[in-house]
Amino acid sequence: MEYRHLGRTGLKVSRLALGTMNFGELTDQAASFAIMDEALDGGINFFDTADVYGGPQSPDMMKGFGISEEIIGRWLGQGGRRERIVLATKVYQPMETGPNDRRLSAYHIRRACEASLRRLRTDHIDIYQMHHIDRATPWEEIWQAMEQLIREGKITYVGSSNFAGWDIAVAQCTAASRNLLGLASEQSLYNLAQRTIELEVIPALRHFGVGLIPWSPIGMGLLGGVLRKIANGRRASLLLQTRIDKLRPQLQAYEALCDELGRPPSDVALAWVLHNPVVTAAISGPRTVEQLRQNQEAASLALSDETMARLDKIWPGPGGEAPVAYAW
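Residues numbered from 1 in each chain as written. Predicted model: local features only at pLDDT ≥ 70, side-chain atom pairs only at ≥ 80, totals over all residues. Heavy atoms only, no water.

### A look at the pattern of salt bridges
Opposite charge on two side chains lets them pair, provided their charged atoms get close.
Then, in step 1: Evaluated as defined, the whole model comprises 20 salt bridges.
Then, in step 2: Here Arg4 and Glu2 are joined by a salt bridge, their closest N and O atoms 3.9 Å apart.
Then, in step 3: When its relative accessible area of 42% is taken as the criterion, Glu2 is described as partly exposed.
Then, in step 4: Through salt bridges with shared partners, one network takes in Glu114, Glu152 and Lys154. (Salt bridge = Lys/Arg side-chain N within 4 Å of Asp/Glu carboxyl O. Buried < 20%, exposed > 50% of the residue type's maximum accessible area, 1.4 Å probe, protein only.)

### Here's the deal with the sheet that holds strand 3 (residues 16-19)
Then, in step 1: Read across the open sheet, the eight strands follow the order 10-9-8-7-6-4-3-11; overall the sheet is parallel. Either end of the sheet is taken by a strand with one partner, and the two such strands are strand 10 (211-215) and strand 11 (282-284). Here the strands of the sheet are splayed against their neighbours by 30° on average, with no regard to which way each runs.
Then, in step 2: Across three bridges, strand 3 lies against strand 4 (residues 46-48) in parallel orientation. Bridged to Gly19 within strand 4 is Asp48.
Then, in step 3: Here helix 3 (residues 106-120) sits on the sheet and contacts strand 6 (86-91), strand 7 (125-130) and strand 8 (155-161); the angle it forms with strand 7, its principal contact strand, is near 135°. (Pairing = 2+ DSSP bridges. Helix = DSSP H or I, 4+ residues; strand = E, 2+ residues; numbered from the N terminus. Axes fitted to C-alpha atoms, helices over the stretch in contact; angles between N-to-C directions. Contact = heavy atoms within 4.5 Å.)

### Here we look at the nonpolar core
Then, in step 1: Counting residues in each nonpolar core, the largest one holds 82 residues, and the members touching the most others are Leu18, Met36, Phe47, Tyr128, Met130, Met146 and Tyr254.
Then, in step 2: Look past the residues within four positions of Tyr128 in its chain and what remains in contact with it is Thr89, Lys90, Val91, Ile109, Ala112, Cys113, Met146, Leu149, Ile155, Tyr157, Val158 and Gly159.
Then, in step 3: Leu11, Ala17, Ile127 and Ala281 belong to the second-largest nonpolar core, a separate cluster that totals 13 residues. (Core = buried A, V, L, I, M, F, W, Y, C linked by side-chain atoms within 4.5 Å.)

### Structural notes on the environment of Arg310
Then, in step 1: Note that Arg310 resides in helix 11 (residues 305-314).
Then, in step 2: Of the residues examined, Arg310 reaches a relative accessible area of 32% and is grouped as partly exposed.
Then, in step 3: Expressed as a C-alpha distance, the spacing of Arg310 and Tyr254, which sit 56 residues apart in the sequence, is 9.0 Å.
Then, in step 4: At a separation of 3.0 Å, a polar atom in the side chain of Arg310 contacts the side chain of Glu260. (Polar contact = N/O pair within 3.5 Å; in protein donor to acceptor, adjacent residues only side chain to side chain.)

### Remarks on the side chain of Asp167
Then, in step 1: With respect to the helices and strands, Asp167 occurs in helix 5 (residues 165-177).
Then, in step 2: On the basis of relative accessible area, Asp167 is assigned to the buried category, the value being 2%.
Then, in step 3: Excluding residues within four positions of it along the chain, Asp167 makes contact with Ile133, Arg135 and Trp139.

See the structure below:
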């Protein structure tokens, strides 16, 4: 497994991050344990979760949140694992029904962090990520809360997820005014079929030295050979089928290219994301050990310049970075 610095930090993480969103919802505890064992044995040291993952699993629509963290905590509780992984979780989403049980107030950040630590059965979180932007809370308050958690040793780095380019800029400038490192990473939706962040988010990350961690690198299954799977009898959800109908010519060209390369489409999609120099690690969210093993193989796939150009033609991005992409 290859390792890379998380943005401009001294921390090194594996090029694949184990995403645990399915733990507790689509993958039971035994299978989740097996996936984490396989990941650790395969050199994956970056485990990503969120307080909200794993639920809801009861009629009140709140009970069940936190199950992913609890499963990881029970796995860590077996001993000999915690100091071998870089553990990341997230804060923002509603965990209860109260008006302060969500978003990024200092009040909620403190309470959410304490709750995540209990569920994860650890005394520190390596990367504490803001799951979404909260423009109703001033950055001075957010950074004050994060700074306090850092001083207490409860978190080490701060990350973001689903931020706009200007949100990243404001966050970093405010952090600099407080003599803080600021953001170490940003998780964004990024894959061959969804390249909007090339306009402004990726340039902002490169400028500020923030590592990009793409989520859904295989487009929620769209780029995983979906046409072949449907032809073999696999059923698609209504949302996925709508996307397939809209993108069928591109999908046909894409899967044909993958056949030429002799590699599964999911491998090519993952390898394409990892070719971007701003990308630190791509999130693999397997439901089974077999899916994880295939993603591990994809992490070492090198795509030629010709192949990259052909993929660009099939899946054109926004035309470059803003404002050049649209101003002239």
